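# Notes for the structure review
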Amino acid sequence: MGIAFQSLTALTELLGWEKQAHYSLQWQRPVRVSKILKGSLNVTKVRNSSGAQEANTETKVGQEKILIDCGPDQQCVLGGIVALGKFDALHVGHRELAIRAAKIGVPFLLSFVGIAEVLGLEKRLPVVAKCDRKRVLSLWAPLCDGVVPHEYHVQFAHVRYLSPRQFVEKLSKELGVKGVVAGANYRFGYKALGDASDLVQLCGEYGLKAYIVDSVMDKFDGSSLEQENTGTDLREKGQVSSTLVRKALAAGNIKRVEQLLGRKHRLMLTTDNCIVTKNIFVSCRSSVLNQPPREGQYGCMIMIKENDDVDRNSNGNENIIGYGDLKINSTQIEVTLHEGSFGAHLNGKSFIDLEFEGSREC
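Given the structure is predicted, the values throughout are model-derived calculations rather than measurements.

About the cut-offs
Residues numbered from 1 in each chain as written. Predicted model: local features only at pLDDT ≥ 70, side-chain atom pairs only at ≥ 80, totals over all residues. Heavy atoms only, no water. pLDDT = per-residue confidence, 0-100. Contact = heavy atoms within 4.5 Å. Helix = DSSP H or I, 4+ residues; strand = E, 2+ residues; numbered from the N terminus. Salt bridge = Lys/Arg side-chain N within 4 Å of Asp/Glu carboxyl O. Buried < 20%, exposed > 50% of the residue type's maximum accessible area, 1.4 Å probe, protein only. Axes fitted to C-alpha atoms, helices over the stretch in contact; angles between N-to-C directions. Parallel < 35°, antiparallel > 145°, perpendicular 65-115°, else oblique. Left-handed = near helix turned anticlockwise from the far one by under 90°. Nonpolar A, V, L, I, M, F, W, Y, C, P; charged D, E, K, R; others polar. Phe/Tyr/Trp six-rings, centres within 6.5 Å; stacked < 30°, edge-to-face > 60°. Core = buried A, V, L, I, M, F, W, Y, C linked by side-chain atoms within 4.5 Å. Disulfide = S-S within 2.5 Å. Pairing = 2+ DSSP bridges.

## Some words on the confidence of the model for the protein chain
Per-chain confidence: the protein chain averages 78 in pLDDT, with 72% of residues scoring 70 or above. For the stretch residues 222–236, pLDDT sits under 50, and the model shows 23 contacts to residues farther than four places along the chain or on other chains. Across residues 310–316 the pLDDT falls below 50, and counting only partners more than four positions away or on other chains, this stretch makes 16 contacts in the model.

Written out as structure tokens, the structure reads:
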């Protein structure tokens, strides 16, 4: 029988998105833990478990392949350490999770997809454009022992009703992972019945290692910035989350966005239906591929790509054409190049990357 979600809160309770931990930058700091021995396997368990009970474990685990970009054998993460969560913004909390995974094995991120379609939710632009995710993950490599974490996607429809036990069973028997990393507040399984303590226990039963790390807290201090009338206290402390990133973008606080992401934010758009006049590029809002900041003017570095399939990386091989001003309003995006001409760089269908220059706003 299906479930009717009356609000986004219900969805949150199911997946534990905003309750999940977002991993301390100082995960090496000892945490309060107890050790559970399962045969010769040592597993770290968080103290003060909530004692959540899992759903009926008698239900047969679904036979659907849960990864959509892993090939028919579903063995792309075989022997790896998978980080569990919803990695929309790829912020500093997500990065710390990848760092922890890389310390103990080959790191992978498992992300849910197809949620809006299954639950009938309104789609919204991602924080990170799909074509830019590989570049962002490559930025993490120096902190992940030189390894670029790979990302695979879980079909939400195929795991929606799995109990915590069934989900761990799939990780163990179907995907063959060696271990998992999650945050201290992580919840999973049908109706979010499983918590971090349950994850540790179940992983021990299925021969997996489980690593639970602390949350990364938002240390932003908005006292030095002008407080916009957004209805949000920008000095509020809490764990770093994709929601906080979205709120900071909506408020136009580029400095805070950069702090939460651990990198400069990029706005990506196509050149479809654009108007180019020498050093001015104008495009409609529908060309935007990820969430822009609020309406206003910003300073940016401007890059041109011929297509969105190019592996974007951090080795400096990017077609930077210069610096300029970005003006965003309700209907269009206008980019003014300080020096040079757009016409010399736009050949056929192209994609423009606009990287915000820190907190610089015009």
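Structure shown, so let's carry the discussion forward.
## Brief notes about the environment of leucine 199
Its location among the elements puts leucine 199 in helix α7 (residues 196–205). It is 9.4 Å that separates the C-alpha atoms of leucine 199 and tyrosine 211, two residues lying 12 residues apart in sequence. For leucine 199, the residues in contact, after removing those within four places along its chain, are Leu84, Val168, Val180, Ala182, Tyr186, Phe188, Ala210 and Ile212.

## With respect to the pattern of salt bridges
Under the definition given, this model contains 13 salt bridges. Close ionic contact of arginine 135 with aspartate 132 constitutes a salt bridge, the shortest N to O distance being 2.7 Å. Grouping residues by exposure puts arginine 135 and aspartate 132 together as buried. Between lysine 170 and glutamate 174 there is a salt bridge, with the nearest N and O atoms lying 2.9 Å from each other. Residue lysine 170 and its partner glutamate 174 are located together in helix α6 (residues 164–174), separated by 4 residues, close to a single helical turn. Both residues of the pair, lysine 170 and glutamate 174, belong to the buried class. Through salt bridges with shared partners, a single ionic network connects Arg266, Lys305, Asp353 and Glu355.

## Thoughts on the packing of α6 against α7
Relative orientation of the contacting elements α6 and α7 amounts to 50 degrees, with a least axis distance of 10 Å. Between α6 and α7, the interaxial angle falls into the category oblique. Seen from above, α6 lies across α7 with right-handed handedness. Judged by residue contacts, Pro164, Arg165 and Val168 of α6 engage Leu199, Leu202, Cys203 and Glu205 from α7. Classifying every residue of the contact of α6 with α7 gives 5 nonpolar, no polar and 2 charged.

## Some details on the packing of aromatic side chains
Summed over all chains, the structure comprises 7 aromatic pairs. Judged by centre distance (5.8 Å) and plane angle (10 degrees), the rings of tyrosine 186 and phenylalanine 188 are stacked. Ring geometry for phenylalanine 281 against phenylalanine 342: centres 5.8 Å apart, planes inclined by 45 degrees, an arrangement best described as tilted. A residue pair is termed long-range when its members are at least 10 positions apart, and phenylalanine 281 in strand β14 (residues 280–284) and phenylalanine 342 in the loop between β17 (332–337) and β18 (351–361) qualify at 61 residues. Each of the two residues, phenylalanine 281 as well as phenylalanine 342, counts as buried. Pairwise contacts between aromatic rings join Phe167, Tyr186 and Phe188 into one cluster.

## Thoughts on the nonpolar core
Counting 34 residues, the largest nonpolar core has Leu84, Leu110, Leu171 and Leu199 as its most contacted members. By residue number, the principal contributor to this core is α7, which donates 5 residues. In this structure leucine 110 touches Leu67, Val77, Val82, Ala83, Leu84, Gly85, Phe87, Tyr152, Val154, Leu171 and Leu175, once residues within four positions along its chain are discounted.

## Points about the packing of helix α8 (residues 242–251) against helix α9 (residues 254–261)
Packed helix pairs are characterised by how far apart their axes lie and by the angle those axes make with each other. Orientation of α8 relative to α9, taken along the N-to-C sense of each, is 160 degrees, at an axis distance of 8 Å. Between α8 and α9, the crossing angle belongs to the class labelled roughly antiparallel. In this structure, α8 meets α9 at a crossing whose hand is left-handed. On α9, the residues that touch Leu244, Val245, Ala248 and Leu249 of α8 are Arg256, Val257, Leu260 and Leu261. Here the contact of α8 with α9 is composed, by residue class, of 7 nonpolar, no polar and 1 charged.

## Examining the state of the cysteines
Evaluated as defined, the whole model comprises 1 disulfide. Across the disulfide, cysteine 70 is cross-linked to cysteine 76 (sulfur-sulfur distance 1.6 Å). Because the sign of the S-S torsion sets the handedness, a value of about -120 degrees for the bond joining cysteine 70 and cysteine 76 places this disulfide among the left-handed ones. By relative accessible area, which is 7% here, cysteine 70 ends up buried.

## Focus on the sheet that holds strand β3 (residues 81–84)
Taken together, the 5 strands give an open sheet; going across it, the order is β5-β4-β3-β6-β9, and neighbouring strands pair in parallel fashion. Where the open sheet ends on each side, the last strands, each with one partner, are β5 (150–155) and β9 (209–213). Going from strand to strand, the sheet's axes swing by 30 degrees on average, the running direction of each strand aside. With 4 bridges connecting them, β3 and strand β4 (residues 107–113) associate as parallel partners. When the bridges of β4 are listed, leucine 84 appears paired with leucine 110. Set on the sheet, helix α2 (residues 92–104) makes contact with β3, β4, β6 (179–183) and β9; between it and β6 the angle comes to about 150 degrees.

## Re α8
Within α8, 7 of the 10 residues are buried, which leaves the element mostly enclosed by the surrounding structure. Taken together, the buried positions of α8 are occupied by Ser242, Leu244, Val245, Arg246, Ala248, Leu249 and Ala251. Each element contacted by the buried residues of α8 is listed here: α2, β10 (217–218), β11 (238–239) and α9. A positive phi of about 75 degrees marks glycine 252, the residue just after α8.

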